[in-house]
Each structure stands twice: as structure tokens, then as C-alpha cells.
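Spelled out, the chains give:
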Amino acid sequence: MEQRYAKESRCYKTFRVFPTDVNNYNTLFGGKLMAYIDDIASISAAKHCRRSAVTASTDSVDFLSPIPMTASVCLESFVTYTGRSSMEVFVKVITEDMLSGERHISATSFLTFVALGDDKKPVPVPKVIPESEEEIQLHRTAIGRAEMRRHRREESKKFADFLTTVYPWE
């Protein structure tokens, strides 16, 4: 099976927070950040498998600190682990205060993508080879996250079977 280094899927996106990007607390609107996270993660997934890849789940988005209008935001993403046709992508959100230069991690996220063939069915993906300390730690702990995803997916399916599809006005 083909293998690729985690660094081969690494992507960066930097943007500045403007007044149109903020909520009523003058901090970056969370939904906007989530869209940027999914966007950059999809690029990392496609770079790793060199195929079309679709978001299977946003496993977590942990907002660790608010992002003010005085900040620039750098998103860094890369594939941390692979299954047969799935890829776990990690996104780190680094905020830099444009006035002081101070940087910190404002959010982290894990997403799962599935590689698709020309027939739109899942296809095998290359294994990932971690090198840096950060990549190795994320790769080492991925099995536990994969197990939690599997369990959550099973519970979501059970829950969906219980839910009704009737609209309130019907």
C-alpha cells in the first residue's frame, strides 16, 4: 500500500478578522471559522489521497479563546491518520494579535474525510507517515478518536431512527 508523509498534506490559510466577520461580542463568528476549518481540511485530505474527498464528519471543534478584530488567524491542517478509505485531518487555529505580535492556539479541530473514486464510491487511501513530535503524538492517539467516532456514529444512527420526519405544520 502506498504511503505519504503527513507533511505532504500540510496546508496553511491566513486571514485577517474584519468587522463583517464578527458577532455581537466583536469576536470572530464561530460559523465563519468552522467554514474555514472545513475548507482547509478538505484540501489536506485531497492532497493526501489525490482524489476527491468528502467530509464524513466534523468530529470536534474546540473554541479555546475568542478571536478579536485585532487578530490575524492562521489555520494549519494535515492528515494525521488513515483507515481504509477515511482520513482524519487535524486543524490548528493560531491567532496573532496584530498590535502586540502575541500568538496562541484559539481552536483545534478533527474532521474525517472519505476518498471517492470516479464512481463516487469510497476507495483506499495511502497510509500516513508522521515525522514531527506533533504528528507522531496525533497519529499515536488517533485510534482512540476513531473508536469514539465509531461509537458516536452508531448512537447517531439509533437516535435518527427515533426521530420523526413530520414537519410541525403537518
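Since the structure is predicted, the reported quantities are computational estimates derived from the model, not experimental observations. (Residues numbered from 1 in each chain as written. Predicted model: local features only at pLDDT ≥ 70, side-chain atom pairs only at ≥ 80, totals over all residues. Heavy atoms only, no water.)

(A) Fine view of the packing of aromatic side chains. Under the criterion given, the structure shown has 4 aromatic pairs. Seen from their ring centres, Phe90 and Phe110 are 5.1 Å apart, and the 45° between their planes marks the pair as tilted. Taken together, the residues Phe90 in strand β5 (residues 86–97) and Phe110 in strand β6 (residues 103–116) connect sequence positions 20 residues apart. When sorted by exposure, Phe90 lands in the same class as Phe110, which is buried. Geometrically, the ring pair formed by Tyr167 and Trp169 is stacked, given 4.6 Å between the ring centres and 5° between the ring planes. (Phe/Tyr/Trp six-rings, centres within 6.5 Å; stacked < 30°, edge-to-face > 60°. Helix = DSSP H or I, 4+ residues; strand = E, 2+ residues; numbered from the N terminus. Buried < 20%, exposed > 50% of the residue type's maximum accessible area, 1.4 Å probe, protein only.)

(B) Structural detail: the pattern of salt bridges. For the structure on display, the rule yields 15 salt bridges. Between Arg149 and Glu88 there is a salt bridge, with its nearest N and O atoms 3.1 Å apart. Of this pair, Arg149 sits in helix α3 (residues 142–162) while Glu88 is found in strand β5, placing the two residues 61 residues apart along the sequence. By relative accessible area, Arg149 is classed as buried at 10%. The closest approach of N and O atoms between Glu154 and Arg150, which form a salt bridge, is 2.3 Å. With Glu154 and Arg150 both in helix α3 and 4 residues apart, this pair spans about one turn of that helix. Assessed through its relative accessible area of 37%, Glu154 is described here as partly exposed. Arg150 gets classed as partly exposed once you look at its relative accessible area, which sits at 33%. One continuous salt-bridge network, built from bridges that share partners, spans Arg10, Glu76, Lys92, Glu134 and Glu135. (Salt bridge = Lys/Arg side-chain N within 4 Å of Asp/Glu carboxyl O.)

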